[in-house]
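Reading the structure
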Amino acid sequence: MEKQLHISGAEAIIHCLLAEGVDLIYGYPGGAIMPVYDELYKFQDRLTHILTRHEQGATHAAQGYARVSGKVGVAIATSGPGATNLVTGLADAQIDSTPMICITGQVGRHLLGTDAFQETDIIGISTPVTKWNYQITKASEIPEVLAKAFYIAKSGRPGPVLIDITKNAQFDMLDFHYQPCHHIRSYKPVPTASESSLKAAAQLINTAKKPFIVFGQGVILSEAETIFKAFVEKTGIPAAWTILGLSALETEHPLNVGMVGMHGNYGPNMLTNECDVLIAVGMRFDDRVTGNLATYAKQAKVIHLDIDPAEIDKNVKTTVAVLGDAKASLSALLPLLEARTHTSWLSEFKVYDRQEYEAVIEGDLYPTKPGLTMGEVIKILNQKTANKAVIVTDVGQHQMIACRYAKFTQTKSNITSGGLGTMGFALPAAIGAKMGAPEREVVAIIGDGGYQMTIQELGTIFQNNTAVKILVLNNGHLGMVRQWQELFFESRYASTIMSNPDFVRIAAAYDIEAARVSERSTLDAAIEEMIAHKGPYFLEVCVENEHNVFPMIPTGASVSEIRLK
């Protein structure tokens, strides 16, 4: 018979984490979480804690770890400001469906509601940005609540969970027994696709003349990449991706026609309004994808495969809804589909591809002007990494350029902040991504604005010697906002010109090898040196100050009103 452990709540938290297979967490200590940190000290041979320099950095690192590993990321913080500093990461994880557990300390139960030192109602604050949250006030609650937290975070459509634990619950004793959670009454995270919906979807796909697939992160989250590729190849349907779907299908696949959305490729956007059947797989019809909903794909019958019933008909009216896990749904759908080709339809994408290449891509990748472009930097990075790197991007022009031009051969390679658009995401997320996939090259591509929002996480890289490659594309502006000001506000650059410090000297202060390049003649060698270096490396590339990202769909415009200049 298993010996019953009689332990403190703080030690019980550690045992719960170990039982769930957690071996790495990110966090920052403080008074209300100190009992847990004392136990972490005792268990450091089994559970690694990474001290970030800010609690927001802990959440983004946990996100990067989760996104590249497929596991649940874990972050931990104290009460009050420690807890509130987690909110941006929670919101980012919620909208991007990232499985994450945040554990916060709280003042003692007897002090709740008294405005005690560092008491904050983190349950109330975090409710809108978590999949579930709960405040533990008794040690005996810890095993059951944490088991439920992990189940909710990783099941169905993943998301973040916050567990707030009062200090008395950490000190008090309990008889510990851990039972993993596999079921919660009234919570059904994975619906099963109905036979009628599968048959109806197959009928539409088999008879379509101009079918079009748009795939999102749901393909990656359900580990459906192999069956999705088989689906695309059997049906012969052109497939385009959202930025979170990028890398689910290799970018050079002949049926991969590029990115949809505001800065997506010309063909996929234009032809969205010409397809007769639109098949959405694991995506949510975000406004950056659809543009003006009143004009979005009105001619098409829409098939929507999604795990979350709340997404069906939320933005785009669905003809056939296939509810379920993408892998299971595609596996059931595939035998019902006829093997087809759509050669003439695919050729229409190629016509638009040529127009986009001549108007935009050639100038981005093979510029003739003296200034460096972000596109040529990404092109060389592809070459030096053989399209195999994990690329972590921040938010802004560099993000759109990287998503447009980065090449990927394997899944879970594009880590970015999609729905929330969090500047400051990339540097800490790259730390987590490297720790989640230490065998892979991880390159953080960041703008000079976003870089300075979490630049303190260089300290985390320094302390742990994390071999992240940091590539800052410095245009001396908040580039995306400046682009909008140029195009829509008559070039009134209100608060978008950046006076930046010497980034190379800052990196050197953290004992990180660093270099700066501003000439085309030295760019290739500089990127090669960065990739060849064994430890962390910082490279600043000074690019054109006022280069714009095109194509572009103006806000409120139709996808077919996409601009090439």
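Because the structure is predicted, anything quoted here is derived from the model rather than measured.

Moving on: the pattern of salt bridges. By the definition in use, this model includes 21 salt bridges. A salt bridge links glutamate 195 to lysine 199; the nearest nitrogen and oxygen atoms lie 3.1 Å apart. One end of the pair is glutamate 195 and the other is lysine 199, both in helix α9 (residues 195–207) and four residues apart, which spans about a single turn. Among the salt bridges present, the one from glutamate 356 reaches arginine 404, with a minimum N-O distance of 2.7 Å. Placement of glutamate 356 in helix α15 (residues 343–365) and of arginine 404 in helix α17 (residues 397–405) is noted, with a sequence separation of 48 residues between them.

Taking 1.5 Å of rise per residue, 13 residues should cover 18 Å, and helix α23 (residues 520–532) covers 19 Å from first to last C-alpha, within 8% of that figure. Residues of α23 that are buried make contact with α16 (374–385), β17 (442–447), β18 (469–474), β19 (513–517) and β20 (537–542).

A word on the sheet that holds β19. Read across the open sheet, the six strands follow the order β16-β15-β17-β18-β20-β19; overall the sheet is parallel. If you trace the sheet from one side to the other, it starts and ends with β16 (414–416) and β19, each paired once. Direction aside, neighbouring strands of the sheet carry axes that sit 20° apart on average. The pairing of β17 with β18 spans five bridges and is classified as parallel. The partner of valine 443 across the bridge, within β18, is lysine 469. With respect to the sheet, helix α3 (residues 55–69) is in contact with β15 (390–393) and β16, its orientation differing from that of β16 by roughly 155°. Sitting on the sheet, α17 is in contact with β15, β16, β17 and β18, with an inclination near 140° to β17.

The domain boundaries assigned to the protein chain delineate domain 1 (5–176), domain 2 (195–349) and domain 3 (366–542). With centres defined by C-alpha atoms, the gap from domain 1 to domain 2 works out at 37 Å. Contacts between domain 1 and domain 2 engage seven residues on the former and seven residues on the latter. Of the roughly 640 Å² buried between domain 1 and domain 2, counting both surfaces, carbon and sulfur atoms make up 54%. The largest contributions to the domain 1 side of the interface with domain 2 come from Arg67, Asp96 and Arg157, which together make up 64% of the buried area. The interface formed by domain 1 and domain 2 holds two salt bridges in total. A salt bridge links arginine 157 to glutamate 311, with the shortest nitrogen-to-oxygen separation between them at 2.7 Å.

Below, the discussion takes up the environment of serine 194. One can find serine 194 in the loop between β8 (173–176) and α9. Along the primary structure serine 194 and leucine 323 are separated by 129 residues, whereas in three dimensions their C-alpha atoms are 7.6 Å apart. Among the polar contacts listed, one links the side chain of serine 194 to the side chain of serine 196, at a separation of 3.3 Å.

Below, the discussion takes up the layout of surface pockets. By volume, the second largest pocket is sized at about 630 Å³. Taken together, 27 residues make up the lining of the second largest pocket; nearest its centre are Glu252, Asn265, Ile361, Arg404 and Lys407. Secondary structure elements with two or more residues in the lining of the second largest pocket: β11 (256–259), α15, α16 and α17. Considering each element in turn, the lining of the second largest pocket owes the most residues, nine residues, to α15. Looking at the lining of the second largest pocket residue by residue, the classes come out as eleven nonpolar, eight polar and eight charged. When residues are assigned to domains, the lining of the second largest pocket turns out to be shared by domain 2 (195–349) and domain 3 (366–542), each giving three or more.

Time to look at the sheet that holds β11. Strand order in the open sheet formed by six strands is β11-β10-β9-β12-β13-β14, with parallel pairing between adjacent strands. Among the strands making up the open sheet, the edge pair consists of β11 and β14 (320–323). Put simply, the sheet's adjacent strands are angled 20° from each other on average, direction ignored. Relative to β14, strand β13 (residues 301–306) is paired through four bridges, and the arrangement is parallel. Bridged to leucine 305 within β14 is valine 322.

Each value, and the rule that gives it
- Residues numbered from 1 in each chain as written.
- Predicted model: local features only at pLDDT ≥ 70, side-chain atom pairs only at ≥ 80, totals over all residues.
- Heavy atoms only, no water.
- Salt bridge = Lys/Arg side-chain N within 4 Å of Asp/Glu carboxyl O.
- Helix = DSSP H or I, 4+ residues; strand = E, 2+ residues; numbered from the N terminus.
- Expected span 1.5 Å × (residues − 1).
- Contact = heavy atoms within 4.5 Å.
- Pairing = 2+ DSSP bridges.
- Axes fitted to C-alpha atoms, helices over the stretch in contact; angles between N-to-C directions.
- Domains from an automatic or database assignment.
- Buried area = accessible area lost by both parts, 1.4 Å probe.
- Polar contact = N/O pair within 3.5 Å; in protein donor to acceptor, adjacent residues only side chain to side chain.
- 1 Å grid on protein atoms, 1.4 Å probe; cavity = no way out; pocket = protein on both sides within 12 Å on 5 of 7 lines; lining within 4 Å.
- Points joined across faces, edges and corners; volume = space filled by probe spheres on them.
- Nonpolar A, V, L, I, M, F, W, Y, C, P; charged D, E, K, R; others polar.

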